[in-house]
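The lines below spell out each chain.
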Amino acid sequence: MPASCGPSFVRRFVLLVALLGAVAPARLAAQGYHLRLDTRAQAVSYRGVALDSVPARDTVSGPGGGPATTDGFAVRCAGAEYCTFFRPGPVLRGGPLVTDADLTVWGLGVAGLSLHASGRAGYQIGDAGAWPGLGPALQLLEAYADYSTPRWTARLGRQSMASRLGWSGFDGARLTLRNPASGLALGAYGGWGLARGVALPVTSPALNPLDDFQPRQRQRVIGVVAGWAARRFDVSAIYHREVDPRSDYFVSERAGADLTLRPARGWALTGGADYDFALGLWGSAEASLGYAAPGGRAAAMIAARRYRPHFDLWTIWGAFSPVPYREVSASLAVAPVPKLRLRASGERYRFDAADAATPLVASVDHGWRAELAATWTPSGAWTLDYGYHAAFGAGASTRGFEAAARYAPAPRLALAVQAATLDRPLEFRYDESVVRLLGADLEYRPTERLAVTVGAARYAEDRRRPDVAALDWNQTQLHARAVLLLGRGADLRGLPPAVRRMPGGGGER
Amino acid sequence: MSVARGVAPLAAALIALALARAARGQTPGAAFDHARHRRVVPTCATCHAGAAQPDASLWPDPASCAVCHDGAIRRRLAWQPPAAARRSNLRFTHARHAAAATRRAARDTTQRPSSCLDCHTDLGAPAVVRRAAVGRCLSCHGVQVRHLSAPDSACATCHLSLAEARALTREDVARFPAPDRHKEAGFLARGGHGAAAGPAAASCATCHSRDFCLGCHVDAPEQPAIQALPSDPRSLAIAVRLAAPPSHAQPSFATRHGGAVGRDAGACATCHTRESCVACHTTPPRVAAHLASGGPGRSAGAVVSRHPPPSHVGGFADRHAGQASAAAGSCAGCHARADCLACHRPQGGRGAGYHPAGFLARHPAAAYSREISCSDCHNTAGFCAACHATAGLTARRALGSGYHDATPFFIAGHGAAARRSLETCVGCHAERDCLACHSALGGRRFNPHGPGFDAERLKRRNPEVCTACHGTSIP
């Protein structure tokens, strides 16, 4: 049984159901529900690498001057008796099949009470582990009961929460009090934490591929949130701590604040920062000033950002003193004519001093990114996108073109094709290569409640490496998706088209 | 007797009409020389029996033509009557119409009895029999304008409702001509067709049914005139497009429509559901309560298009965290929770979603410099390290395995790179790889602590971290 569905979780879930049964009168005939099933399947094939070694005495001088095997693979010896190198690995073929189910139930006889559950079932067809993120086979993303009144909200069960400190999850309870007239809100939460970036406890075997410092017990989570939403501004603050129940030592202790100001129509000033009490260091911070002209004819933004990674204290990585980088960026989007929209953005960043001597290795400590793009909608049925992006920086660089065309001859039918070319020289490796992508998708929505998508993509790589290890990373992907909505309610029609067009606004719904 | 007296001339005219068609081309609509045959056929009903007897055919019997057209007296004819009755939505039958005309003549002695020729000839050319002209119908029924300009109340006089005209096909309905009134400015407005639909609902039903109204009206269940119409999907053959009123084109409408809504929310309720409000408004305004919620029996209504908030400029998806945490409630006005989970709990089987198509090929650059925080959505161990391990990108001991092969002696100078992107390093390396050199308990004992490291603070918070390298002898 996966850890996410372990005995302790089952006990809590049964307790939750019993509690709901106690508070909800038997008027289930009035129930409303909304069930969304989203199934995706992919067929992928690609080739990795395989570590190999050769006695140092059997190496020869390679094309770059360094040691190489007699058949041309550059090797790393580092004074050892054996030198190591990577050969092309076997071709891996996988078929991830994943179904997500989102269920909301309301009308339980108590006004304001609703149940929410989000689960996932994943199955790998083909080579085991050929595609990440599929384990365990059953995952419970969220499952909670929500009771809301105008002045307070209580939530009990597995839930996730967006905050300054990221998107975190826990099994527990959350209470939020608010004053609708003033916009003030105060909340507290507590429970057993989930790992970062996934709906699994840190004890899950699925999160331990390298078998190192994995906790044996889930961390206890407690936090406090305060916010004030007004016409001209929104402000919020959070304090969050996680404790190892085995030792009562901190796993994480952080605080953060966010502010959004709307000084005038179309203008928005946002900013935020967080502080790591455990390490005594400021974490990430950012500030931005944006303007959008009425009617959407133009939008611009300038921003500054500081990013420092956060590591929980059950790893040793925080003690290795990761340094932050600081970035300034700007973006501009204009629509010179109604059917054409042009976008440009650029960023420049520089890492703080690492204070690590590099007598033999020179690596850059700064970088930049830029992007130019255009979207042309010659008619209601056609949308054409074209873009160029480039990034240069420490570790890796890329540059390439992207083009996409979407044709929707009917409201329920759309065909999209995309093509891209990419140069990606990587620092620290002989790995300069060119990747070309060609893909197509067909979307069909036979009814308001059913949407089907099928597509294919082909990645073809030309690896420009001076030795014979220029193995390709060619890849073919086929995918299919079906989304089925069941239940009652006007929202079964899906989000309004305007919302679907918003960045990250659920365009796949 | 009076009925027979009225029918006889009518039948005579009809038979003349049919014979004229037969003579010209033996097809309905072709000219038939009724005048020439008048000498051999005394009355219209002789050939057009159906004009006098409801259960008889209106078409001549070919056998009666063959009496003369036998190949000896006259050449043979290949004409055959149509197999099916003509598809029509006319309310007219010859028998009933003739009876009504006769009754009218009986009441009004100044009126002469109607004859077939009254309808089937043009004025001034009584000998040329033709299909009944609509103008003759209108003039007799007191309509003094041309057909499509007739008053809204007049359609049902001659025409069956669409639901009654079962023989008509969708194609027939699609070819219905639009009355002139429909082209008048303001016809689609509130005081236009809506005001006319009440007293003239029967006329509307000539061409339309409830399905047609549902194409635009979200308030259909609340409109008696619409509910009075029968349902008939053939009415959808007439294309209709919901057009915004002129007021909606004003530049300031988006920001100033609240006043108009407050004055008369009912005007909005024709085209807008409650979902129109929440498409833009974070908190549904009070007037939303006056609007119906979308659902079966209603049109989807006007689709509200909105401009993203000022913050949603290019790349906002990469930087939305601040605003989302400052006022999560404002996001909920437009975004469902599943939208958040789609990216923040990405599933392994998905194709391109948050990341653009082809991102997999360029993720090394984005990940190394943390263009965005990967760990907000991906667990480093469960996603990055797992995939790298499958692809063979797994360190089995300290640096030196050959992967960082572009830089000679990378191991001697990896410190700066590691501190700049430690999250990338742990995508392939486990703690043991680093402890081979950086542990105080053995190996080369290189100190990994860098600028700003507060050993005392860390020791207070969690000394177990220190024991990983220092054992129990934490300095």
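Below you will find a few notes about this structure. Please read these numbers as outputs of a predicted model, since none were measured by experiment.

1. Some thoughts on the overall build of chain A
Then comes step 1: Check the secondary structure of chain A and you find two helices and 24 strands.
Then comes step 2: Considering only contacts in chain A between residues 6 or more positions apart, those separated by 24 or more positions represent 52%.
Then comes step 3: In the structure as shown, chain A presents an accessible area of about 23300 Å², 64% of it carried by carbon and sulfur atoms.

2. Things to note about unusual backbone geometry
Then comes step 1: Positive phi values are uncommon outside glycine, yet A:D248 reaches one of about 65°.
Then comes step 2: When you line up the elements, A:D248 lands in the loop between β11 (233-243) and β12 (250-261).

3. Quick look at the pairing of strand β4 (residues 82-106) of chain A
Residues and elements named next belong to chain A.
Then comes step 1: Relative to β4, strand β1 (residues 32-55) runs antiparallel, the two sharing 21 bridges. Looking at the pairing, R47 lines up with V91 of β4.
Then comes step 2: Inspection of the sheet shows β4 paired to strand β5 (residues 113-126) by 13 bridges, in the antiparallel sense. Pairing of L97 across the sheet is with Y123, part of β5.
Then comes step 3: Linking β4 to β5, which pair antiparallel, is a turn of six residues; within it G107 sits at a positive phi near 70°.

4. A look at the nonpolar core
Then comes step 1: Membership of the largest hydrophobic core comes to 17 residues, with the highest contact counts inside it found for A:L313, A:I316, A:W317, A:F320, B:L422, B:L458 and B:V465.
Then comes step 2: When residues of this core are traced back to their parent elements, those giving at least two are α25 (431-438) and α27 (463-470) of chain B.
Then comes step 3: With near-sequence residues (within four places) excluded, B:V465 lies in contact with A:L313, A:T315, A:I316 and B:L458.
Then comes step 4: In terms of nonpolar packing, the next biggest core, distinct from the first, is built from 10 residues, A:Y349, A:F351, A:A394 and B:Y368 among them.

5. Description of the pattern of salt bridges
Then comes step 1: A full pass over the atoms with the stated rule returns 32 salt bridges over all chains.
Then comes step 2: A:D171 serves as the salt-bridge partner of A:R218, at 2.8 Å between the closest nitrogen and oxygen. Note that A:R218 is positioned in the loop between β9 (184-193) and β10 (220-229) and A:D171 in strand β8 (residues 166-179), a separation of 47 residues in sequence.
Then comes step 3: For A:R218, a relative accessible area of 14% puts it in the buried group.
Then comes step 4: Classification of A:D171 by relative accessible area gives buried; the value is 3%.
Then comes step 5: The salt bridge partner of B:R87 is B:D172, with a shortest N-O separation of 2.6 Å. With B:R87 in the loop between α4 (62-65) and α5 (94-107) and B:D172 in helix α9 (residues 170-174), this pair connects stretches of sequence that are 85 residues apart.

6. Regarding the packing of aromatic side chains
Two measures describe an aromatic ring pair: the distance that separates the ring centres and the angle between the ring planes.
All names here are of chain A.
Then comes step 1: Using the criterion set out here, one finds 18 aromatic pairs over all chains in the structure.
Then comes step 2: When the centroid spacing of 4.6 Å and the interplanar angle of 40° are considered together, the rings of W267 and Y291 count as tilted. Of this pair, W267 sits in strand β13 (residues 267-276) while Y291 sits in strand β14 (residues 281-292), and the two are 24 residues apart along the sequence.
Then comes step 3: Y291 gets classed as partly exposed once you look at its relative accessible area, which sits at 26%.
Then comes step 4: Ring geometry for Y349 against F351: centres 6.0 Å apart, planes inclined by 90°, an arrangement best described as edge-to-face.
Then comes step 5: Among the residues examined, F351 registers a relative accessible area of 4% and is labelled buried.

7. Description of the side chain of B:N462
Then comes step 1: Residue position: B:N462 is located in the loop between α26 (455-461) and α27.
Then comes step 2: Of the residues examined, B:N462 reaches a relative accessible area of 3% and is grouped as buried.
Then comes step 3: For B:N462, the contacting residues outside a window of four places in its chain are A:Y249, A:F250 and A:L313.

8. So, a nonpolar patch on the surface
Residues and elements named next belong to chain A.
Then comes step 1: A grouping of W382, Y407, L413, L415, V417, L442, Y444, V452 and V454 is seen on the molecular surface, where their side chains present a nonpolar patch of about 700 Å² in accessible area.
Then comes step 2: Elements that contribute at least two residues to the nonpolar patch include exactly β21 (413-423), β22 (432-447) and β23 (450-464).
Then comes step 3: Mapped onto the elements of the fold, Y407 is located in strand β20 (residues 398-410).
Then comes step 4: By relative accessible area, Y407 is classed as partly exposed at 32%.

9. Re the state of the cysteines
Residue and element names in this part refer to chain B.
Then comes step 1: Evaluated as defined, the whole model comprises zero disulfides over all chains.
Then comes step 2: Looking at C65, it has no disulfide partner, and the nearest cysteine sulfur is the one in C47, 6.1 Å off.
Then comes step 3: Under the relative-accessibility criterion, C65 is labelled buried at 12%.
Then comes step 4: No disulfide involves C466; its sulfur sits 8.7 Å from the nearest other cysteine sulfur, which is in C469.

10. Some remarks on α25(B)
Residues and elements named next belong to chain B.
Then comes step 1: With six of eight residues buried, α25 is to be regarded as a mostly interior element.
Then comes step 2: Inspection of α25 places E431, D433, C434, L435, C437 and H438 among the buried residues, and these make up the whole buried set.
Then comes step 3: Against the buried residues of α25 lie α27.

Reading the values: rules and limits
Residues numbered from 1 in each chain as written. Chains lettered and ligands numbered in written order. Predicted model: local features only at pLDDT ≥ 70, side-chain atom pairs only at ≥ 80, totals over all residues. Heavy atoms only, no water. Helix = DSSP H or I, 4+ residues; strand = E, 2+ residues; numbered from the N terminus. Contact = heavy atoms within 4.5 Å. Areas by Shrake-Rupley, 256 points an atom, 1.4 Å probe, with all protein chains shown as cover. Pairing = 2+ DSSP bridges. Core = buried A, V, L, I, M, F, W, Y, C linked by side-chain atoms within 4.5 Å. Buried < 20%, exposed > 50% of the residue type's maximum accessible area, 1.4 Å probe, protein only. Salt bridge = Lys/Arg side-chain N within 4 Å of Asp/Glu carboxyl O. Phe/Tyr/Trp six-rings, centres within 6.5 Å; stacked < 30°, edge-to-face > 60°. Patch = residues over 30% accessible without salt bridge, like charges linked within 9 Å, V, L, I, M, F, W, Y side chains within 5 Å. Disulfide = S-S within 2.5 Å.

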